[in-house]
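# Per-entry structural report
Here's the letter readout for the chains.
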Amino acid sequence: MPTDSPAPADTPRTPPAPAAQVPAPFPERAALPDPGPAPTLRDPDARAPGPGGPPPATPRGYRAVFAVAEFRAVFAAHLLSLLGVVVSELALTVLVYDLTGSPLLSALTFALGLLPYIVGGTLLAGVADRYPARRVLVVCDLLCAACVAVMLVPATPVAGLLALRCLVAAIAPVFTGTRMAALTDILGEGDLYVLGRSLLRIVSQSAMLIGFGAGGMLLTVLSPRGAITVTVVTFLCSAALLRFGTQDRPARAGTGAGAGGTLLKESLSGARLVLGDRRIRALMLLFWLPAMFVVAPEALAAPYADAIGASPAALGLLLCAMAVGHIGAELFVGSALSPRNRSRIVLPVAAVGLLPLLVYAARPGLPLALAALALAGAGAAYVIGLDQWFVDAVPQELRGRAMTLLTAGLMTVQGLGMALAGLAAEFFPVHQVVAGSGIIGTVCTLLLVAEVRRTDPRRMPYTEERDGADRHVTSR
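Report on the accompanying structure.

The rules behind these values
- Residues numbered from 1 in each chain as written.
- Predicted model: local features only at pLDDT ≥ 70, side-chain atom pairs only at ≥ 80, totals over all residues.
- Heavy atoms only, no water.
- Buried < 20%, exposed > 50% of the residue type's maximum accessible area, 1.4 Å probe, protein only.
- Salt bridge = Lys/Arg side-chain N within 4 Å of Asp/Glu carboxyl O.
- Helix = DSSP H or I, 4+ residues; strand = E, 2+ residues; numbered from the N terminus.
- Patch = residues over 30% accessible without salt bridge, like charges linked within 9 Å, V, L, I, M, F, W, Y side chains within 5 Å.
- Areas by Shrake-Rupley, 256 points an atom, 1.4 Å probe, with all protein chains shown as cover.
- Contact = heavy atoms within 4.5 Å.
- Phe/Tyr/Trp six-rings, centres within 6.5 Å; stacked < 30°, edge-to-face > 60°.
- Core = buried A, V, L, I, M, F, W, Y, C linked by side-chain atoms within 4.5 Å.
- Axes fitted to C-alpha atoms, helices over the stretch in contact; angles between N-to-C directions.
- Parallel < 35°, antiparallel > 145°, perpendicular 65-115°, else oblique.
- Left-handed = near helix turned anticlockwise from the far one by under 90°.
- Nonpolar A, V, L, I, M, F, W, Y, C, P; charged D, E, K, R; others polar.

### What about unusual backbone geometry?
- If you check the backbone angles, Arg363 has positive phi at about 50° while not being a glycine.
- With relative accessibility at 41%, the residue Arg363 sits in the partly exposed group.

### With respect to the pattern of salt bridges
- Evaluation of the coordinates by the stated rule reveals eight salt bridges.
- We note a salt bridge from Asp248 to Arg134, for which the minimum N-O separation is 3.9 Å. Of the two residues, Asp248 is situated in the loop between α9 (224-245) and α10 (263-276) and Arg134 in helix α6 (residues 133-151); the sequence distance between them amounts to 114 residues.
- Residue Asp248 is classed as exposed on the basis of its relative accessible area, which comes to 52%.
- A salt bridge links Glu451 to Arg454, with the shortest nitrogen-to-oxygen separation between them at 3.0 Å. Of this pair, Glu451 and Arg454 both sit in helix α20 (residues 430-454), three residues apart, roughly one helical turn.
- Salt bridges linked by common partners bring Arg197, Arg201, Glu330 and Asp387 together as one network.

### Describing a nonpolar patch on the surface
- Residues Val352, Leu355, Leu358, Ile439, Ile440, Val443 and Leu447 make up a contiguous nonpolar surface patch of roughly 610 Å² in combined accessible area.
- When residues of the nonpolar patch are assigned to their parent elements, the largest contribution, four residues, is made by α20.
- Residue position: Ile439 is located in helix α20.

### Quick notes on the environment of Ser204
- Summarising the element assignment, Ser204 is placed in helix α8 (residues 191-221).
- For Ser204 and Leu82, which are 122 residues apart along the polypeptide, the C-alpha to C-alpha distance reads 7.1 Å.
- Setting aside anything within four residues of it in sequence, one finds Ser204 in contact with His78 and Leu82.

### Observations concerning the packing of aromatic side chains
- On inspection of all chains with the given rule, the structure shows five aromatic pairs.
- With centroids separated by 5.8 Å and ring planes inclined at 65°, the aromatic side chains of Phe66 and Phe71 adopt a geometry described as edge-to-face.
- Exposure remark for Phe66: the relative accessible area of 30% places this residue in the partly exposed category.
- Judged by its relative accessible area of 0%, Phe71 is buried.
- Taken together, the ring pairs connect Phe66, Phe71 and Phe75 into an aromatic cluster.

### Details of the nonpolar core
- The biggest cluster of nonpolar side chains holds 112 residues, and the ones touching the most others in it are Phe71, Leu187, Leu286, Leu318, Tyr360, Leu386 and Phe390.
- Leu386 has contacts with Leu283, Leu286, Phe287 and Val346, leaving out every residue within four places of it along the chain.

### A short note on the packing of helix α2 (residues 69-100) against α9
- The contact between α2 and α9 brings their axes to 8 Å, and the two run at 160°. In terms of orientation, α2 lies roughly antiparallel with respect to α9. In this structure, α2 crosses over α9, and the sense of that crossing is left-handed.
- For the contact of α2 with α9, the residue count by class is 18 nonpolar, seven polar and three charged.

This is the structure in structure tokens:
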């Protein structure tokens, strides 16, 4: 579940907590003003109303996000690079298998797309705040294009192909975290940012459905290296869109928390500050924990399809059902609910989102299994409101590092969840493993939901005032 609602876009959201409620060690910061509903003010193409004429209608919902010219460039770049990555993953896996004949090395090629995330997200996170966002994004795209171009050289050994795959995967969380933080500059920190993040998540889910199909078709007419060439082009096009379609803004961290020293020191200091804050840590875990358990049915789709006697086509449906549910729910929540209602559903939906997996305890047939997977995918809709909570909680000068760490952790826990599900399936029937993931994940999520409630800044002041506690100090 890689993951990434509208009533009126101008519905006011709950303002972030004042600086006095922010736990140390972060510097005090004033409550952020509501950026307001008028994205056309950020769009250089917007026109003022003509003399005597009615003012132009302000777009709402997802349309308001697309009204921002810079976001359109970011969206197009994201779409191109994502499709290229998906195609290259498939083509590289086929290439490694053709060169070695080893199923293990072929599978390892996929695994190496996840494992280096935690390394890049932890050790290189400082890049996201230390340098201007546009420069970071363009350089990341160019580095990835260079790595993929070297893969095309026939003399590149298999070990070199795998090393280059690791390098691209290590760069990915830096790119994603920087882009997430840059969206707050492009769209503001309110509802437009939330809907922009939602659109990028929808694209990510859709790319999984479309990209592998497109990659398979390309491999019928091109060699694996020919298909990989497409990725070089998509990375270069993404770099051009970001370079010429977005504004150049100064680096986020100059004298803020964790700034100064070497890049490694800044990265580790940022991770320590982010994870050391009780509120931010709870919110980050709420992104990670359900994602770790919800991947079990996808990881075990092939053995489950075999267990119920389903066809290869049914296996494809089992792999797509969760993504379809996620996309549908995200579009509904993003276009049918107000910001306030999106915030209200975060904890209830997170608490019950894994319960559909309990259907697997009855070893369901294909139709019921598909319905359960679609519902589990729809449970990820809570992330839309959680995005707003997270950006409100993280100080501006730490935002790039926090979002890079968030991305790296999300990919890592999904890989860990798949590995643990596979290990459990060595000892228990597949349907019991999936149902067990739903039970254990729900219990863990309920405990985490209670922690998120306890750290809600709207609740904490009253407790601290009653106890006579210093509002600048919280237990961690």
